[in-house]
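So the chains spell out like this:
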Amino acid sequence: LLGITYSNDDFAFESIMRELKRSFYESNNDIIKKSLILTGFSLSEAFLSEKIRSEALKATPKENNYISKKIIEIGLKSIDESLKRHNDRIKSFKSVFETTKDISFPNQEQQNLRNKLAHDISSPYLEGDKIFFIKNENSEPTGIIVEEIFENFIKYPKIINQAKI
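Read on for an overview of the structure. (Residues numbered from 1 in each chain as written. Predicted model: local features only at pLDDT ≥ 70, side-chain atom pairs only at ≥ 80, totals over all residues. Heavy atoms only, no water.)

1. So, the overall build of the chain
Each helix and strand counted, the chain has 6 helices and 3 strands in total. Secondary structure elements of the chain, listed N to C terminal, follow the sequence α-α-α-α-α-β-β-β-α. Burial statistics for the chain: of 165 residues in total, 38% are counted as buried. A sequence separation of at least 24 residues applies to 62% of the contacts in the chain between residues at least 6 apart. By element, 51% of the accessible surface of the chain is carried by carbon and sulfur atoms, the whole surface being about 9,700 Å². In the chain, 25 side chains carry a positive charge and 25 a negative one; their mean positions are 5 Å apart. (Helix = DSSP H or I, 4+ residues; strand = E, 2+ residues; numbered from the N terminus. Buried < 20%, exposed > 50% of the residue type's maximum accessible area, 1.4 Å probe, protein only. Contact = heavy atoms within 4.5 Å. Areas by Shrake-Rupley, 256 points an atom, 1.4 Å probe, with all protein chains shown as cover. Lys, Arg positive; Asp, Glu negative; His and termini not counted. Charge placed at Lys NZ, Arg CZ, Asp CG, Glu CD.)

In structure tokens, the structure reads:
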């Protein structure tokens, strides 16, 4: 699993996500299971960022001189800065691919789960086929079906490609 690099290769990414899913269902340890879900979110973010970077590089000057190199360097720094937060990645995607279509994954509920896992992995809990988390102290637990999360990870390249059309 860790030896596979995918860059922006759709098939390799899907294979990694299938491996995460398999590992999740084979594990008996809740921390490992939650870590695998968080890893899926993290890899999905990196995958989208790489798609955006790759497309943006197609538009860079082809000359190999100092000014062209500086333009590329400044542009990549700006792009990398815009890819740090979920909403900014979505805006960058729409801008670079000149689309108004939404990337529907992760939805807000799943994004809240991702944030909870990233900042307090012990707080969400697994029960049955769902993972539960409490968004804030005034809310009831929210449950998300784990299978749906993994299926969305696996089909993420298709979601991205459909939004680019």
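2. Thoughts on the packing of helix H2 (residues 30–58) against helix H5 (residues 108–119)
Axis separation between H2 and H5 bottoms out at 10 Å; the angle between their running directions is 115 degrees. In this structure, the crossing between H2 and H5 has a hand that is left-handed. Seen from H2, the contacting residues are Lys 34, Ile 37, Leu 38, Phe 41 and Glu 45; seen from H5, they are Gln 110, Gln 111, Leu 113, Arg 114, Leu 117 and Ala 118. Residue composition of the contact of H2 with H5, grouped by class: 6 nonpolar, 2 polar and 3 charged. (Axes fitted to C-alpha atoms, helices over the stretch in contact; angles between N-to-C directions. Left-handed = near helix turned anticlockwise from the far one by under 90°. Nonpolar A, V, L, I, M, F, W, Y, C, P; charged D, E, K, R; others polar.)

3. What about the packing of aromatic side chains?
According to the stated counting rule, one finds 7 aromatic pairs in the structure shown. Ring centres of Phe 41 and Phe 153 lie 5.1 Å apart, and the angle between their planes is 85 degrees; on these two criteria the pair is classed as edge-to-face. Taken together, the residues Phe 41 in helix H2 and Phe 153 in helix H6 (residues 146–164) connect sequence positions 112 residues apart. We note that Phe 41, like Phe 153, is buried. Three or more aromatic residues joined by ring pairs make a cluster, and in this case those are Phe 24, Tyr 25, Phe 41, Phe 150 and Phe 153. Between Lys 33 and the ring centre of Phe 24, over which it is positioned, the NZ or CZ distance is 4.9 Å. (Phe/Tyr/Trp six-rings, centres within 6.5 Å; stacked < 30°, edge-to-face > 60°. Lys NZ or Arg CZ within 6 Å of the ring centre and 35° of its normal.)

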